[in-house]
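# A look at the structure
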Amino acid sequence: MPDIETHDFDILIIGAGGAGLRAAIEAQAKGMRTALVCKSLLGKAHTVMAEGGVAAAMGNVYSEDNWKVHFRDTMRGGKMLNNWRMAQLHAQESPERVLELEQWGALFDRTPDGLILQRDFGGHRYARLAHVGDRTGLELLRTVQHRAVAVGIQVFMECKIIRLLHDEAGRVNGAVGLWRETGKFVVFGAKSVILATGGVGKMYKFTSNSWEGTGDGHALALWAGADLIDMECIQFHPTGMIWPPSARGLLVTEGVRGDGGILKNRDNERFMFNYISDYFKAETSDTIEEADQWYDNKRDFRRPPELLPRDEVARAINSEVKAGRGSPHGGVFLDIASRRSAEDIRRRLPSMYHQFKELADVDITKDAMEIGPTCHYIMGGIRVDADSAAATVPGLFAAGEVAGGMHGANRLGGNSLSDLLVFGRRAGIGAAEYALGTSGKVNIDETQVEKITQHALSFFDHEGHENAYSAHQALQNTMQELVGIIRTESELLEAKDQLRGLEERAQAVSVEGHRQFNPGWHLALDLEAMVAVAQCTTLGAIDRRESRGGHTREDFPLPDNETLGKINMVTSIANGEVSVRSEALPEMPPELKELFEEAH
Amino acid sequence: MSPETTGTDTQKTLKMRLWRGDESGGEFAEYQIPAQEGEVVLDVVHRIQAEDAPDLAVRWNCKAGKCGSCSAEINGRPALMCMTRMSTLDIDAPITVSPMRGFPIIRDLVTDVSYNYAVARRIPPFQPPVLAEGEVFRMQQIDVDRGQEFRKCIECFLCQNVCHVIRDHEDNKESFAGPRFFARLAELEMHPLDTLDRRRLVSEQFGLGLCNITKCCTEVCPEGIHITDNAIIPLKERVVDARFDPVAWLGRKLTGKPNPTPANVAAAYAPETLEDQLNARRAGQVGSHPMTTGIDSN
Ligand code: SF4
Ligand code: SF4
Ligand code: FES
C-alpha cells in the first residue's frame with residue numbers, strides 16, 4: 001500500500017488496560033514480536049478506576065479460603081450462567097497472578113506478618129481482595145505498564161482501530177487504524193490479534209465508564225464474524241453519583257456500605273429491608289438491630305440488606321425512585337455521616353470523601369450522599385475458549401471485560417482485576433501458540449484496507465447536519481430509557497426499532513474540520529461500534545424472557561432455571577444483520593457440581 | 001446540600017476563551033455558553049465541543065481525577081480540567097483554558113507529552129531478589145508506605161510542565177528526567193525489595209543536580225505527592241551522603257533477604273538522617289488524604 005504506514009508483527013494487541021498489557025507481556029515472553037495499540041495515552045486506561053481490589057484465594061487473612069470456595073462464590077454470584085471452566089481457571093490461577101505483580105514491583109497493603117492484606121467484599125465468602133487503599137486498579141495498571149516498558153513492548157498510543165483484516169481463509173490477520181493525532185491511517189499485519197478493549201458503558205447516559213468504553217472490541221469481533229454471548233447481562237452498579245449533573249454516573253465504592261453506610265429514601269426509611277428476596281433470606285438480617293451488629297460481629301449476625309449483591313440493590317433503588325420516594329435529584333440517600341465518626345470516614349474512605357467534597361461540595365462526614373444506579377460493567381462479550389481465550393474466528397483472541405462467559409449474569413466485585421490478569425496471560429499464550437502454528441508471511445489484502453479507509457473518510461463528505469454528538473446522545477437516551485436496568489418486552493421492541501434509525505443516523509454523521517486530532521470524527525467511528533453493540537444487547541434482552549443477574553425483566557421477574565438458565569444468548573452477524581440464537585451452556589463436570597450440592 | 005442547588009449561577013453566561021491552533025500558531029477563540037449548575041471546566045469544554053466546536057481537540061478519560069489525561073492551564077494556572085469546579089473561578093470575567101506550556105502543542109488543548117514516555121523507558125526497571133520455589137515476599141506496611149506515596153502518581157505531567165528546568169531550557173530534556181521521574185526513581189530506590197543501585201544514574205544521567213528545589217512541582221501535584229520533600233531531597237541525600245558506599249546502601253535495601261525479620265526491617269529504617277526525619281514526619285500524616293485542589297501548601 002503505497003501511502004499507508006504499515007507494520008508487521010507476530011501479535012497485535014488492541015487495548016492497553018490491564019488485560020492488554022498482561023497479554024503483551026506474555027506474548028513477548030514467548031518470543032513474539034508484539035504490538036500494543038491503545039486509543040489513549042499509555043497508562044490512562046479505565047483499569048485505573050478500579051478501587052476495591054483483586055480477588056484471589058490466597059488465604060492470607062482466612063486460611064480456610066481456597067480456589068474451590070472462590071469458584072463457588074463466582075458461579076453463585078453469576079447466577080450459574082458463567083462458563084464453568086473460565087470460573088475454575090480464574091479461581092485457581094489468580095493467586096499466582098497477584099504474587100507475580102509483586103515480583104514486578106507492586107506494593108500491596110500488608111498484613112501484620114508482612115503478607116498481602118485481603119479485604120471483604122460483596123459475595124465473597126472470605127476476605128479475599130488484595131488491595132492498595134482504594135486505588136488498586138492504578139497500582140495494577142502501573143505495575144504491568146512498567147513491566148511492559150521494561151521488556152520493551154512496542155506501544156502505539158492514541159491509535160483507534162477501525163476494522164480487523166482477514167485472509168482468504170477468513171483468518172484474522174491484522175487491523176486498520178487511525179492515528180488520532182494526525183488523522184492518518186495505519187495498517188498492522190499480524191499472525192494473531194488479541195482484543196482487550198474493555199467495556200461498552202458509553203452507550204448509556206449514566207455510566208462509570210470513561211470515553212473509551214465504546215464497545216470497540218465487541219464490534220470489531222462481530223464485524224469479523226465472531227460470536228458474542230449474553231450481551232444483555234450488564235451490571236448497573238447501585239451507587240453512582242447523581243449530583244451534580246457533571247459527576248453523574250461516577251462510582252461510589254461499595255466500601256461505603258461495607259463500612260456501615262446505609263440506604264434511605266426521602267422519608268428517611270431504611271428501605272432495603274423491604275427488598276430481601278427469598279434467594280438471600282437465609283443470609284440477610286431482617287431487623288435493623290441485627291443488621292447493625294453485623295459490622296462488629298460477622299460470625300453471629302447476618303449481613304445487612306444494603307450488602308446484597310449489586311443487581312438486587314440497584315433494582316431496589318430503582319423501585320423506590322419509581323414509587324416517588326426518591327431524593328431531590330432522582331436517586332436515594334447513602335448515609336455514612338450518621339453512622340461513623342468524621343475521623344473514621346476520612347480515614348477509611350479517603351477518595352470518596354475527597355470526590356464528594358471536590359465535585360459536589362458535599363461533606364460526607366456531615367451529609368448523606370445522593371446516589372443512584374450507573375452502568376458499570378458488561379458481563380457478556382466475545383465468546384471464547386476458556387483455556388486459550390480464542391474467539392470463534394481463527395486468529396482472534398479476547399481477554400478482560402470484552403470477553404464473555406467468566407462472570408455469567410453478574411460479576412462479583414474484585415473479580416474483574418483478577419479476570420484480566422488470568423485471561424490476559426492466557427490470551428497471550430493462546431495467541432502466541434496460534435501464531436507459531438501459522439507459516440509464511442502475513443498477506444494484507446489491499447482491497448479490504450481501501451474499503452475501510454474510504455468508509456472512515458466518508459464521514460467528511462456527508463451532506464446534511466447529522467452531528468456525532470447529538471446522534472450519540474440519542475443512542476444513550478434510547479438505551480437508558482428502554483434497555484436500562486428494568487426491561488420489558490414492549491420497550492425492548494421499541495428500542496430495536498429506534499436502533500434501526502440510529503444506525504442510519506450514525507452512518508449519516510457528517511464531520512467538520514480536518515483530520516488532525518478531530519474528536520468529532522473519532523466519535524463518529526466509535527458510534528458505529530456502540531450502535532452494533534446496542535443491537536446485540538437489545539436482541540439478547542428480548543429473547544431472555546427471565547430475570548437473571550444483570551438482566552431484569554419486569555414482565556418475567558423470576559429466573560427460569562430449567563431452560564433459559566442453561567443457555568447462552570449468542571449474537572452474531574448473518575447476511576449483514578445482527579441476529580440472536582440460543583445455545584446450551586457448557587456442562588459442568590460432576591466433581592465441580594458437587595461443590596454446589598454440599599453447601600446449602 | 002450543595003450551595004449550587006439553589007441555582008443562582010444558572011442564568012449567567014460563561015465567556016470561555018479556549019486556545020485553538022496547532023504547532024504553527026493559533027489564538028484564543030471565545031465561546032459564550034450558558035452556565036449550568038455544578039460543572040467542572042471539562043464539562044464546559046465538552047458542551048462547547050458538542051454544540052459549537054465538534055473538532056475541538058482535548059484529552060480526557062476518567063473525569064474523576066484518576067487518569068491524569070486532562071491537564072491544562074486554567075486562567076494560566078496548571079490544573080486538571082475535570083477537578084476544577086467552575087464555582088471556584090470568577091465567572092464574571094472570561095475564563096481562559098490553554099494547553100500546558102511545557103510541551104509542544106499538537107492541536108488546541110492537546111500537547112505532545114512523548115518526552116515523558118521517553119524518559120520512562122530509560123529508567124532501569126525494578127529488580128527483585130530471586131525467590132526460592134514457593135517462597136513469598138514479606139514486607140511491613142511501614143516499608144511499603146513510602147513507595148505507595150509515589151505510586152499514587154496519575155502521570156498528569158503537571159509537575160513536569162511547571163518545572164523551570166524543563167520549561168525554560170528545551171535542551172535540558174536530554175539530560176533531565178524531571179520531578180515525576182525523580183518520584184519514580186525515589187520509589188524504586190526506597191522499594192524494600194529492589195536490588196539495583198541507581199544512585200549514580202540519578203545524578204549522572206537524570207540530572208538530579210539541576211533541580212534547585214523550587215518546589216513548584218509539589219505545589220501543582222493533584223495527588224498531593226510531596227515530590228520535593230519525600231522524593232527529591234532524599235534522593236539528593238542518598239547520592240551525596242552515601243558516597244556510593246555499597247555496604248550502607250545494601251543495609252538500607254534489605255536485599256538478598258526476601259524474608260526480612262522485623263528486627264532487620266527496624267534496623268534498616270532506624271531514623272538517622274534528614275531523609276528519615278522527613279519520612280517520619282510523613283508517617284505522622286498516614287491516613288489523612290491530601291486535599292488535592294492542586295495546591296499543596298507544604
Ligand atoms: S523542585 Fe526541582 S524538580 Fe521540582 S519544579 Fe523545582 S526545579 Fe523542578
Ligand atoms: S507527581 Fe503529581 S504532578 Fe507529577 S505527574 Fe504524578 S500526579 Fe502529576
Ligand atoms: S479526565 Fe482523568 S484526570 Fe481528568
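Analysis parameters
Residues numbered from 1 in each chain as written. Chains lettered and ligands numbered in written order. Predicted model: local features only at pLDDT ≥ 70, side-chain atom pairs only at ≥ 80, totals over all residues. Heavy atoms only, no water. Helix = DSSP H or I, 4+ residues; strand = E, 2+ residues; numbered from the N terminus. Buried < 20%, exposed > 50% of the residue type's maximum accessible area, 1.4 Å probe, protein only. Areas by Shrake-Rupley, 256 points an atom, 1.4 Å probe, with all protein chains shown as cover. Domains from an automatic or database assignment. Contact = heavy atoms within 4.5 Å. Buried area = accessible area lost by both parts, 1.4 Å probe. Salt bridge = Lys/Arg side-chain N within 4 Å of Asp/Glu carboxyl O. Polar contact = N/O pair within 3.5 Å; in protein donor to acceptor, adjacent residues only side chain to side chain. Nonpolar A, V, L, I, M, F, W, Y, C, P; charged D, E, K, R; others polar. Core = buried A, V, L, I, M, F, W, Y, C linked by side-chain atoms within 4.5 Å. Near = heavy atom within 4 Å. Pairing = 2+ DSSP bridges. Axes fitted to C-alpha atoms, helices over the stretch in contact; angles between N-to-C directions. Disulfide = S-S within 2.5 Å. Phe/Tyr/Trp six-rings, centres within 6.5 Å; stacked < 30°, edge-to-face > 60°. Lys NZ or Arg CZ within 6 Å of the ring centre and 35° of its normal.

## With respect to the overall build of chain B
A tally of regular secondary structure across chain B gives 12 helices and 7 strands. Taken across its 298 residues, chain B has 59% of its residues classed as buried. Accessible area of chain B: about 11900 Å², with a carbon and sulfur share of 53%.

## Remarks on the domain arrangement of chain B
All names here are of chain B. When its domains are assigned, chain B resolves into domain 1 (11-111) and domain 2 (114-129 + 138-270). Residue-level contacts link 15 residues of domain 1 with 15 residues of domain 2. Contact with domain 2 buries area across many residues of domain 1, yet P78, G102 and F103 alone supply 44% of it, more than any other trio. The interface formed by domain 1 and domain 2 includes 1 salt bridge. Close ionic contact of R167 with E73 constitutes a salt bridge, the shortest N to O distance being 3.1 Å. For the pair domain 1 and domain 2, the interface holds 5 residue pairs in polar contact (both at pLDDT 80 or more). Among the secondary structure elements, those contributing two or more residues to the side of domain 1 that touches domain 2 are β3 (71-74) and β4 (77-80). Residues of the side of domain 1 that touches domain 2, tallied by class, amount to 8 nonpolar, 4 polar and 3 charged.

## Some words on the nonpolar core
Residues A:M203, A:L475, B:M16 and B:M81 are the most contacted members of the largest nonpolar core, which totals 246 residues. Per-element tally for this core: the top contributor is helix α16 (residues 519-543) of chain A, with 15 residues. In contact with A:M203, other than residues within four places in its own chain, are A:I234, A:L475, A:Q476, A:M479, A:M530, A:V533, A:A534 and A:T537. Counting 9 residues, the second-largest nonpolar core is a separate cluster that includes A:M75, A:A87, A:M588 and A:F596.

## Section: the domain arrangement of chain A
All names here are of chain A. Looking at chain A, the domain boundaries give domain 1 (239-374) and domain 2 (446-566). Domain 1 and domain 2 are separated by 32 Å when their C-alpha centres are compared. At the junction of the two partners, domain 1 supplies 5 residues and domain 2 supplies 4 residues. Both faces considered, domain 1 and domain 2 share a buried interface measuring about 440 Å² in area, 60% of it formed by carbon and sulfur atoms. For the domain 1 face of the interface with domain 2, the top three residues by lost area are D311, R315 and N318, together amounting to 75%.

## Observations regarding the site of ligand 1
All names here are of chain B. Taken together, 13 residues surround ligand 1, and among them C163, C211, T214, K215 and C217 come closest. If you list the elements that add at least two residues to the shell around ligand 1, you get α5 (164-167), α8 (216-220) and α9 (227-241). Classifying every residue of the shell around ligand 1 by side-chain character gives 8 nonpolar, 4 polar and 1 charged.

## Topic: the pairing of strand β1 (residues 13-22) of chain B
Residues and elements named next belong to chain B. In this structure, β1 lies alongside strand β2 (residues 25-34), joined through 10 bridges in antiparallel fashion. Residue pairing for β2: G21 is matched across the bridge by G26. The antiparallel pairing of β1 with β2 creates a hairpin that spans 2 residues between the two strands. Bridging between β1 and strand β5 (residues 95-98) involves 3 bridges; their strand directions are parallel. Pairing of M16 across the sheet is with I95, part of β5.

## Details of the sheet that holds strand β10 (residues 228-229) of chain A
All names here are of chain A. A sheet is described by the order of its strands in space; here 4 strands give the open sequence β15-β10-β17-β18, paired in antiparallel fashion. Of all the strands in the sheet, just β15 (381-382) and β18 (577-584) have a single pairing partner and so form its edges. Two elements, β10 and strand β17 (residues 567-574), share 2 bridges in a ladder whose sense is antiparallel. Pairing of L228 across the sheet is with T571, part of β17. With respect to the sheet, α16 is in contact with β10, β17 and β18, its orientation differing from that of β18 by roughly 45°.

## Looking at the site of ligand 2
The local shell around ligand 2 consists of B:C153, B:I154, B:E155, B:C156, B:F157, B:C159, B:R180, B:C221, B:P222 and B:I227. Residue classes in the shell around ligand 2 are distributed as 8 nonpolar, no polar and 2 charged.

## A closer look at the interface of chain B and chain A
The interface is formed by 66 residues belonging to chain B together with 70 residues belonging to chain A. Taken over both partners, the interface formed by chain B and chain A buries close to 5900 Å², and the fraction arising from carbon and sulfur atoms is 54%. The interface formed by chain B and chain A includes 5 salt bridges. B:R85 serves as the salt-bridge partner of A:D361, at 4.0 Å between the closest nitrogen and oxygen. If you look at where chain B meets chain A, you find 36 residue pairs in polar contact (both at pLDDT 80 or more). Those elements that place two or more of their residues in the side of chain B that touches chain A are α1 (41-51), β6 (105-107), α2 (114-122), α3 (141-151) and α6 (179-190) of chain B.

## Some thoughts on the side chain of A:D335
One can find A:D335 in strand β13 (residues 332-335). Not counting chain neighbours up to four residues away, the residues in contact with A:D335 comprise A:G260, A:G261, A:I262, A:K264 and A:A368.

## Observations regarding the state of the cysteines
Using the criterion set out here, one finds 0 disulfides over all chains in the structure. Lacking any disulfide linkage, A:C159 is separated from the closest cysteine sulfur, that of A:C38, by 8.6 Å.

## A closer look at the packing of aromatic side chains
Tallied over the entire structure, the rule returns 14 aromatic pairs over all chains. When the ring of A:F71 is compared with that of A:F596, the centres are 5.9 Å apart and the planes differ by 65°; the resulting orientation is edge-to-face. Of the two residues, A:F71 sits in helix α2 (residues 67-77) while A:F596 sits in helix α17 (residues 590-598), which places them 525 residues apart along the sequence. Accessibility classification places A:F71 together with A:F596 in one group, the buried group. Their ring planes at 80° and their centres at 6.3 Å tell us that A:F185 and A:W521 sit as a pair that is edge-to-face. Remark: A:W521 occurs in helix α16 and A:F185 occurs in strand β9 (residues 185-195); sequence separation between them is 336 residues. For the pair A:F185 and A:W521, one class covers both residues: buried. One aromatic cluster in this structure is built from A:F9, A:F156, A:W179 and A:F188. Residue placement shows A:R411 over the ring face of A:Y377; its charged tip is 4.1 Å from the ring centre. One Lys or Arg, B:R180, reaches over the ring of B:F181 and ends 5.4 Å from the middle of that ring.

## Considering the pattern of salt bridges
Residues and elements named next belong to chain A. One pass over the structure, following the stated rule, counts 77 salt bridges over all chains. Between R315 and E312 there is a salt bridge whose closest N-O contact spans 3.4 Å. One end of the pair is R315 and the other is E312, both in helix α9 (residues 310-322) and 3 residues apart, which spans about a single turn. With a relative accessible area of 11%, E312 lands in the buried category. The partner of R347 in a salt bridge is D344, and the shortest N-O contact between them spans 3.3 Å. A residue pair is termed a helical-turn pair when its members lie 3 or 4 positions apart in one helix, as R347 and D344 do in helix α10 (residues 342-348) at 3 residues. Overall, R347 belongs to the partly exposed group, its relative accessible area being 49%. Salt bridges linked by common partners bring R22, E26, R85, E93, E96, R97, E100, D387, R425 and R426 together as one network.

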